Amino acid sequence: MTDRVALNRQRNRVPDADSLFLQAVALEEVQDRLTLVNKGFTKVAVITAFPEIWARLAPNVHIVSDEEILDLEEGRYDLIVHALCLHWANDPVGQIIQCRRALESDGLFMCVTFGGQTLHELRASLAQSESEITGGLSPRVAPMAELRDLGSLLQRGGFALPVADTVPLKVTYETPWHLFRELREMGEGNALSHRLKSFSRREIFFRTSEVYAQSFMENGRIPATFELVFLTGWAPDASQPKPLRPGSAQQRLADALGVAERPLKD
């Protein structure tokens, strides 16, 4: 799915850390969530393409590049954060399994990635303009999974106590052209393997800008949605709470609630 050479080339063109505001927002959200965990972490690894942002997460954090094979030592860490790069992974399940294997027992895994609502305005505008002009569609925006599908990755990866939730962000721009420029400066341009290898016709982007403004403009500015999905799971450990087996209850729910039990009609 991802052309790693093109992706690395785009990331190398990021002008400075100020362009990485989404990475900074994600970092702050992860830090806030970790304050709610009643456990300290001393062996921390972060999988990221932007170490200048994520090195702030913890002292002596081990920064790992988001290659297909992660540079993680098995059973070494008590916290691993996968930081806004899972959407570029050719094998996201494999990435999560590698993280679980690198955690010690009862270690915490936290992943922040983009969800399916990300850039839905841009997707719709591009699809309409390109179909009008060329009569077809080409891959332009990386596919993003929905919350339910992303949550299931934790179970497939072998994590206990999985939790998935979203933080929707809406950013506004003066014009769609300002959004296009910022995506390039964030290193989030089109790096799909099956993208057009030739230059796209300029009228596609002019028409996209028109459709975007006509369909989504609010108070003189155009919005762009970024849906941050947070996945949290724990490496299995005997000390963790486990669900009781069906039929093992020692008391009826009706007795606990102090109400009469009434059977349902067929």
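A brief look at the structure comes next.

Basis of the calculations
Residues numbered from 1 in each chain as written. Predicted model: local features only at pLDDT ≥ 70, side-chain atom pairs only at ≥ 80, totals over all residues. Heavy atoms only, no water. Axes fitted to C-alpha atoms, helices over the stretch in contact; angles between N-to-C directions. Helix = DSSP H or I, 4+ residues; strand = E, 2+ residues; numbered from the N terminus. Parallel < 35°, antiparallel > 145°, perpendicular 65-115°, else oblique. Left-handed = near helix turned anticlockwise from the far one by under 90°. Contact = heavy atoms within 4.5 Å. Nonpolar A, V, L, I, M, F, W, Y, C, P; charged D, E, K, R; others polar. Buried < 20%, exposed > 50% of the residue type's maximum accessible area, 1.4 Å probe, protein only. Pairing = 2+ DSSP bridges. Patch = residues over 30% accessible without salt bridge, like charges linked within 9 Å, V, L, I, M, F, W, Y side chains within 5 Å. Areas by Shrake-Rupley, 256 points an atom, 1.4 Å probe, with all protein chains shown as cover. Salt bridge = Lys/Arg side-chain N within 4 Å of Asp/Glu carboxyl O.

## Overview of the packing of helix α5 (residues 120-134) against helix α8 (residues 202-216)
- Closest axis-to-axis distance for the α5/α8 pair is 8 Å, and the angle between their directions is 130 degrees. Taken together, the axes of α5 and α8 are oblique relative to one another. In the packing of α5 onto α8, the handedness of the crossing is right-handed. Here Glu121, Leu122, Ala124, Ser125, Leu126, Gln128, Ser129, Glu130, Glu132, Ile133 and Thr134 of α5 lie close against α8, whose contacting residues are Glu203, Ile204, Arg207, Thr208, Val211, Tyr212 and Phe216.
- Of the residues that constitute the contact of α5 with α8, the class distribution is eight nonpolar, five polar and five charged.

## Describing the side chain of Thr208
- Looking at the element boundaries, Thr208 is found in helix α8.
- Discounting residues that sit within four places of it in the chain, Thr208 has contacts with Leu122, Ser125, Leu126, Ser129 and Phe180.

## Focus: the packing of helix α7 (residues 176-185) against α8
- Running from N to C, α7 and α8 cross one another at 115 degrees; their axes reach a closest spacing of 9 Å. Contacts between α7 and α8 involve Pro176, Trp177, Leu179 and Phe180 from the former and Phe205, Phe206, Thr208, Ser209 and Tyr212 from the latter.
- Here the contact of α7 with α8 is built from residues that sort into seven nonpolar, two polar and no charged.

## Some details on the pairing of strand β6 (residues 222-234)
- Within β6, 13 of the 13 residues are buried, leaving the element largely enclosed by the surrounding structure.
- On β6, burial covers both faces: Ile222, Ala224, Phe226, Leu228, Phe230, Thr232 and Trp234 on one face and Pro223, Thr225, Glu227, Val229, Leu231 and Gly233 on the other are all buried.
- Here strand β4 (residues 103-114) runs beside β6; their pairing, made up of seven bridges, is antiparallel. Bridged to Thr113 within β6 is Val229.
- Of the pairings in the sheet, the one linking strand β5 (residues 160-173) to β6 comprises 12 bridges and is antiparallel in character.

## Things to note about unusual backbone geometry
- In this structure, Leu84 takes a positive phi of about 50 degrees despite not being glycine.
- Of note, Leu84 is situated in the loop between β3 (77-83) and α4 (92-102).
- Here Leu84 falls in the buried class, since its relative accessible area comes to 2%.
- Notably, Asp106 is not glycine yet its phi reads approximately 65 degrees, a positive angle.
- Examined against the element boundaries, Asp106 turns out to sit in strand β4.
- Asp106 sits in the partly exposed class, given a relative accessible area of 21%.

## A few points about the sheet that holds strand β1 (residues 44-47)
- Pairing in this open sheet of six strands is mixed, and the strands run β2-β1-β3-β4-β6-β5 from one edge to the other. Looking at the sheet topology across the chains shown, the edges are occupied by β2 (62-64) and β5. Each neighbouring strand pair of the sheet contributes to a mean axis angle of 15 degrees, computed without reference to strand direction.

## With respect to a nonpolar patch on the surface
- A cluster of nonpolar side chains, namely Leu253, Leu257 and Val259, defines an oily patch on the protein surface of about 320 Å² accessible area.
- Take Val259: it is sitting in the segment after α9 (253-257).
- Residue Val259 is classed as partly exposed on the basis of its relative accessible area, which comes to 47%.

## Examining the pattern of salt bridges
- In this structure the tally under the stated criterion is 11 salt bridges.
- Measuring nitrogen to oxygen at the nearest pair gives 3.6 Å for the salt bridge that ties Lys39 to Asp106. Taken as a pair, Lys39 in the loop between α2 (21-35) and β1 and Asp106 in strand β4 lie far apart in primary sequence, 67 residues in all.
- Arg207 is paired through a salt bridge with Glu210; the nearest N and O atoms lie 3.2 Å apart. On the criterion of helical spacing, the pair formed by Arg207 and Glu210 is a turn pair, its members being three residues apart in helix α8.
- On the basis of relative accessible area, Glu210 is assigned to the partly exposed category, the value being 41%.
- Here the salt bridges do not stand alone but share partners, grouping Arg4, Arg11, Asp66 and Glu67 into one network.

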